[in-house]
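As a plain string of letters, each chain reads:
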Amino acid sequence: MRHLITVTTLTPDDVAALLERAEYRLAHPNGQTLAQRVVANLFFEPSTRTRFSFEMAIKRLSGETLNFQPSTSSINKGESLEDTIRTIEAMGVDAMVIRHEENGIMHRLTKFVRVPIINAGEGTNEHPTQCLLDVLTIKQAFGRLSGLQVAIIGDVLHSRVAGSHFNLLPRLGMEILLSGPFAWMPKQVPNGVRIVTMDEALKADVVMMLRVQKERMTAIEIPDFKAYRQMFGLTVNRARLLKPHAIIMHPSPVNRGVEIDSEVVEHPQSVIFRQVTNGVAIRMAVLEELIQERRPDPIWATATAR
Ligand code: CP
């Protein structure tokens, strides 16, 4: 791996190795593998989980972070994104974690940036580390991935998380079901993905609710939230229909009382906060894979040699 822009570049073996390394980091959360390494976090869109979990991951591995604030940067003086990125690279950072609203921007940046770029969420395209942390959470819950049904419910059209899941989950043996308003279903349903009713979606092993992404909609597209909850929300009553072994996921941030009831966020079958914890571990694994390969962590090397 040179960059992590899309999950399409990951083989099932790559994913298995990242999950194994993330599990190791859950058990051994402190390391030295990024000592004297500096990672720039460049978030051009708001974030709590992804930004802070990357920062947490870097600090846990003894690295340093540069945190970029678009509102106080020279972007406001008219500097282009490309010049900003080249400037930060020229300072000698070891990697860049980037979130940006524009589809295709990451690929464009890889044409001239030599240090690893990690996609922390690109437009409506992909969110690879969210996808990997979701896969880790599913694997922990079921002990396997193959043969599971994953229902993704809600605003699929605007979801970069769903974009990454389409590109990875079927290759790991999972079936994806989609449910939600017709207008929010993908214009081209990917191979092997089925659009189903809410009743069928609620029978899946994994029920993944998506946030209604108001910021990506025009005023006329924003639904009436009460009506949306009644038709497609994971309400307390709908949660009673889930299989006893099913898990409830949400990439967050959550609109409580819209796509999911507040009580369901706290439901015994909800793994929503487990996803956040796993996010730090998976980002540690990705950073180690991309940055420190030339300097293996002796603890990790010893653990995998056993
Ligand atoms: N899931 C996710 O990307 O959350 P943030 O927008 O808070 O980073």
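Not measured: the values here are computed from a predicted model.

1. Things to note about the environment of Leu 136
With respect to the helices, strands and loops of the structure, Leu 136 is situated in helix H5 (residues 128–142). Remark: the alpha-carbon pair of Leu 136 and Ala 281, spanning 145 residues in sequence, is separated by 9.6 Å. Excluding anything up to four places from it in sequence, Leu 136 contacts Leu 19, Ala 22, Glu 23, Leu 26, Asn 278 and Ile 282.

2. Some words on helix H11 (residues 272–291)
Taking 1.5 Å as the rise per residue, H11 with 20 residues should run 28 Å; its terminal C-alpha atoms sit 29 Å apart, in good agreement. A maximum bend of about 25° is found in H11 at Asn 278. With 15 of 20 residues buried, H11 lies mostly within the body of the structure.

3. Quick notes on unusual backbone geometry
In this model, Ser 252 is joined to Pro 253 through a cis peptide bond whose omega is 0°. Summarising the element assignment, Pro 253 is placed in the loop between strand E9 (247–249) and helix H10 (262–265). For Gln 36, which is not glycine, the phi dihedral falls at a positive 65°. Among the secondary structure elements, Gln 36 is positioned in the loop between helix H1 (12–27) and strand E1 (38–43).

4. Digging into the site of the ligand
By nearness alone, every residue bordering the ligand is listed as Ser 47, Thr 48, Arg 49, Thr 50, Arg 99, His 127, Gln 130, Pro 251, Ser 252 and Pro 253. One nitrogen or oxygen atom from the side chain of Arg 99 is found 2.9 Å from an oxygen atom belonging to the ligand. Residue classes in the shell around the ligand are distributed as 2 nonpolar, 6 polar and 2 charged. Residue-level mapping places the shell around the ligand at the junction of two domains, with at least three residues from each of domain 1 (7–126 + 278–305) and domain 2 (128–274).

Thresholds applied
Residues numbered from 1 in each chain as written. Predicted model: local features only at pLDDT ≥ 70, side-chain atom pairs only at ≥ 80, totals over all residues. Heavy atoms only, no water. Helix = DSSP H or I, 4+ residues; strand = E, 2+ residues; numbered from the N terminus. Contact = heavy atoms within 4.5 Å. Expected span 1.5 Å × (residues − 1). Bend = angle between axes of the 7 residues up to and from the residue. Buried < 20%, exposed > 50% of the residue type's maximum accessible area, 1.4 Å probe, protein only. Near = heavy atom within 4 Å. Polar contact = N/O pair within 3.5 Å; in protein donor to acceptor, adjacent residues only side chain to side chain. Nonpolar A, V, L, I, M, F, W, Y, C, P; charged D, E, K, R; others polar. Domains from an automatic or database assignment.

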